[in-house]
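# Examining the three-dimensional arrangement
Listed here are the chains, written in short residue letters.
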Amino acid sequence: MQLFEINGGNRLRGTVPISGAKNAALPIMAASILVDGETVLRNVPDLADVRQMQALLAKLGVRCERDAEGALHLTVEDEMNTHAEYDIVSKMRASVCVMGPLLAKRKRAQVAMPGGCAIGDRPIGLHIQGLQALGADFELTNGDVLLKAKKMRGSEIFLGGPFGSSVTATANVLMAATLAEGTTTIESAACEPEIVDLADYLIACGARIAGHGTPRVTIEGVATLTGTSHTVIPDRIEAGTFMIAGAITNGELMLEGARIDHLRAVVDRLRRIGVIVDRAEKGLVVSSARRIEPVDITTQPYPGFPTDLQAQAMALLSLADGNSCITEKIYPDRFLHVGELSRMGAQLRKEGPTVIIEGVKRLIGAPVMASDLRASAALILAGLIAKGTTRVQRAYHIDRGYEKIEEKLSAVGASIRRLEA
Ligand code: EPZ
């Protein structure tokens, strides 16, 4: 098993190329099931989760290959199989994004229930409710969701859940509605940039969608969709992670390709902390040369502060001049990084969905355990500034969502290397 070894204390300076967004690429790859002809996707990051989705699509009859320039070419060759099996879905929740496209195009979808994961329960009731509203019959069979529909009809669908909107439920219903007969309106749709990017791809394939990026999305069904070329948006969570890397090391980083308009809540909090964030011609520049001010952060659906940057923000605020509070409103149990940051000297107290962070003067390097993708990133960030050496076990968590992270960090001055444990 691989681990990252980091020697703390280096200020990061230089340029970091931001990769394409994992959480845009995955649903768009799934959407290729809907279209006739070839789809060419550019700026798709080379990640474990993307390779998982390629493997799943191959089992579902979609040929998916990268060309010499790194673009993904996807073409449906066989529509017989409609079963996304547990061994793949259990490893990657985004596999549920094939449900809507399979149902709409092949009139049947059998997808293993994803089950829970390190950040908490991952229910899919909203996905099922939305697809049933479009005319699907639903049954649970041997741990799989089985959906069938002779004909899909447009409908008025409310997709709000107990924790607000659902990103992949919005994606599934949006994709299915593109081929349903008539008009579909999704109320309380997710507004994430990844949903906008998915809609932009579908529109380029001939779908008729309006309101994407707002809580009310309207879709006029069409008979067929035709494959096209599309460039995936930059990854705002990777960009936010590197913004915090620049802040925590009091460095100065140029994040090439980052879109500041996708990061308004993050920029707001970082500026209150005392971090300088400026728009640049090809991205954004982040720098910090002062102490870290304490702030309160509450995670919200977009455009609020993203839950996927909660752990990384906690690492930064562990070193603030005073007490901060982080409240997790999307996944109330998403705190496995609290115990590990505490091993490095962070003073953290969990009170339900809130963690009170008492700022300390320094963190101390230690062997720590990664638990999920973003918690692992937080531990690496803490290791960048901690006194001494930090070893983050289970590097595979990071490889799911960050492309070449140790290369990107080393290129701007971090002392980090990947080791075989
Ligand atoms: C997406 O997950 C992202 N993954 C997650 O990123 C991200 O944390 C999450 O959105 C929230 O922003 C992808 O896009 C592939 P949700 P998703 O459905 O769609 C509840 C990462 O690190 N809910 O928006 O699965 C759910 O329990 C990953 O890249 C229901 O109650 O998340 C949660 O509390 C981690 N019923 C909230 O909604 C449902 O049917 C948001 O979940 C579905 C969700």
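Our structure's up above, just so we're on the same page.
Residues numbered from 1 in each chain as written. Predicted model: local features only at pLDDT ≥ 70, side-chain atom pairs only at ≥ 80, totals over all residues. Heavy atoms only, no water.

## Concerning the pairing of strand β7 (residues 108-112)
What counts here: Buried residues are those whose accessible area, probed at 1.4 Å on protein chains only, stays under 20% of the maximum for their type, while exposed residues exceed 50% and partly exposed ones sit between those limits. Secondary structure counts use DSSP, requiring at least four H or I residues in a row for a helix and at least two E residues in a row for a strand, with both numbered from the N terminus. Any two strands with at least two DSSP-identified bridges between them are counted as paired.
Taking burial as the measure, the five residues of β7 include four buried ones, the bulk of the element. Sheet topology places strand β6 (residues 83-84) next to β7; two bridges connect them, and they run parallel. Paired with Ala84 across the bridge in β7 is Val111. Sheet analysis places β7 next to strand β9 (residues 144-148), joined by five bridges and oriented antiparallel. The residue bridging Val111 from the neighbouring strand is Val145, located in β9.

## A short note on the site of the ligand
What counts is decided by this rule: Being near a molecule or strand, for a residue, means having at least one of its heavy atoms within 4 Å of it. Polar contact is the term for a pair of N or O atoms within 3.5 Å; when the atoms are in protein, one must be able to donate a hydrogen and the other to accept it, and sequence-neighboring residues count only if both atoms are side-chain atoms. Here the open area of atoms and residues is found with the Shrake-Rupley method and a 1.4 Å probe, where only the protein chains shown may cover a residue. Just so you know the grouping, Ala, Val, Leu, Ile, Met, Phe, Trp, Tyr, Cys and Pro go in nonpolar, Asp, Glu, Lys and Arg go in charged, and all remaining residues, Gly too, go in polar. Residue ranges assigned to each domain were obtained from an automatic or database domain assignment.
The immediate surroundings of the ligand are formed by 25 residues, with Arg93, Ser166, Thr168, Asp308 and Ile330 found nearest. In this structure, an oxygen atom belonging to the ligand sits 2.7 Å away from a side-chain N or O atom of Ser166. Protein chains bury 90% of the 820 Å² of accessible surface belonging to the ligand in isolation. Elements supplying a minimum of two residues to the shell around the ligand: α1 (22-31), α5 (125-133), α6 (167-177) and α12 (373-385). Here the shell around the ligand takes three residues from α5, the largest share from any one element. In terms of residue class, the shell around the ligand is built from eleven nonpolar, seven polar and seven charged. Taken domain by domain, the shell around the ligand gets at least three of its residues from each of domain 1 (2-19 + 234-420) and domain 2 (22-231).

## Some details on the environment of Leu102
By the element assignment, Leu102 lies in helix α4 (residues 99-106). Overall, the relative accessible area of 0% leaves Leu102 in the buried class. Taking the C-alpha atoms as reference points, Leu102 and Phe242, 140 residues apart in sequence, are found 36 Å from one another.

## Digging into a nonpolar patch on the surface
Quick reminder of the rule: Here, patches come from residues exposed beyond 30% relative accessible area and free of salt bridges, joined within 9 Å for like charges and within 5 Å for nonpolar side chains (Val, Leu, Ile, Met, Phe, Trp, Tyr). Whenever a carboxyl oxygen of Asp or Glu lies within 4 Å of a side-chain nitrogen of Lys or Arg, that contact is scored as a salt bridge.
A cluster of nonpolar side chains, namely Met113, Phe138 and Leu140, defines an oily patch on the protein surface of about 260 Å² accessible area. By the secondary structure assignment, Met113 is in the loop between β7 and α5.

## A closer look at the packing of helix α10 (residues 310-317) against α12
Which entries qualify depends on this criterion: With axes taken as lines fitted to C-alpha atoms, and helix axes fitted only over the stretch in contact, angles between N-to-C directions fall between 0 and 180 degrees. In this scheme, roughly parallel covers angles under 35 degrees and roughly antiparallel covers those over 145, while 65 to 115 is roughly perpendicular and the rest are oblique. In this scheme the handedness of a crossing depends on how the near helix is turned from the far one: anticlockwise by less than a right angle means left-handed, clockwise means right-handed. Here a residue-residue contact requires only that any non-hydrogen atoms of the pair lie within 4.5 Å.
Packing of α10 against α12 brings their axes to within 7 Å, and their N-to-C directions diverge by 20 degrees. With respect to α12, the element α10 is oriented roughly parallel. α12 is crossed by α10, and the crossing has right-handed handedness. Counting all contacts with α10, which are made through Ala311, Gln312 and Ala315, the residues of α12 involved are Arg374, Ala375, Ala377, Ala378, Leu381 and Ala382. Residue classes in the contact of α10 with α12 are distributed as seven nonpolar, one polar and one charged.

## So, the side chain of Thr307
Structurally, Thr307 can be placed in the loop between β18 (296-298) and α10. Among all residues touching Thr307, those that are not within four sequence positions of it are Thr299, Glu328, Ile330, Tyr331 and Arg334.

## Some points on the pattern of salt bridges
Oppositely charged side chains are able to pair whenever their charged atoms sit close together. Summed over all chains, the structure comprises 25 salt bridges. In this structure, the salt-bridge partner of Asp46 is Arg51, at a minimum N-O distance of 2.6 Å. Since its relative accessible area comes to 39%, Asp46 is described here as partly exposed. Put simply, Arg418 and Glu406 hold a salt bridge, and the shortest N to O gap is 2.7 Å.

## What about the packing of α5 against α6?
Close contact between α5 and α6 brings their axes to 8 Å; oriented N to C, the two are set at 20 degrees. Our classification of the angle between α5 and α6 gives roughly parallel. In this structure, α5 meets α6 at a crossing whose hand is right-handed. Contacts from Leu126, His127, Gly130 and Leu131 of α5 reach α6 at Thr168, Ala169, Asn172, Val173 and Ala176.

## A few points about the sheet that holds β18
The sheet built from four strands is open, its strands ordered β18-β19-β21-β20 with mixed pairing. Looking at the sheet topology across the chains shown, the edges are occupied by β18 and β20 (347-351). Taking each pair of neighbouring strands and ignoring which way they run, the sheet shows an average axis angle of 15 degrees. Pairing analysis gives three bridges linking β18 to strand β19 (residues 323-327), with the strands arranged parallel.

## Digging into the sheet that holds strand β5 (residues 72-76)
Strands sit in the order β4-β5-β3-β14 across an open sheet of four strands; the sheet is mixed. If you trace the sheet from one side to the other, it starts and ends with β4 (62-66) and β14 (229-231), each paired once. Along the sheet, successive strands turn relative to each other by an average axial angle of 20 degrees, direction set aside. The sheet contact formed by strand β3 (residues 38-42) and β14 spans three bridges and is parallel. Bridging from a neighbouring strand, Arg42 pairs with Thr231 of β14.

## Some thoughts on the environment of Glu238
Among the structural elements, Glu238 can be located in helix α8 (residues 236-248). Taking the C-alpha atoms as reference points, Glu238 and Leu319, 81 residues apart in sequence, are found 21 Å from one another. Aside from chain neighbours lying at most four places away, what touches Glu238 is Pro17, Ile18, Ser19, Tyr402, Glu403 and Lys408. A distance of 2.6 Å separates a polar atom in the side chain of Glu238 from a polar atom in the side chain of Lys408.

## Here we look at the environment of Leu379
Locating Leu379 in the fold gives a position in helix α12. Each C-alpha atom, one on Leu379 and one on Pro303, is 25 Å from the other, the two residues being 76 residues apart in sequence. The residues contacting Leu379, other than those within four sequence positions of it, are Glu340, Leu341, Val368, Met369, Ala370, Thr390 and Val392.

## Notes on the pairing of strand β1 (residues 2-7)
Pairing between β1 and strand β24 (residues 415-420): six bridges, direction antiparallel. The residue bridging Glu5 from the neighbouring strand is Arg417, located in β24. Where β1 meets strand β23 (residues 389-393), four bridges bridge the pair, whose relative direction is antiparallel. Paired with Glu5 across the bridge in β23 is Arg391.

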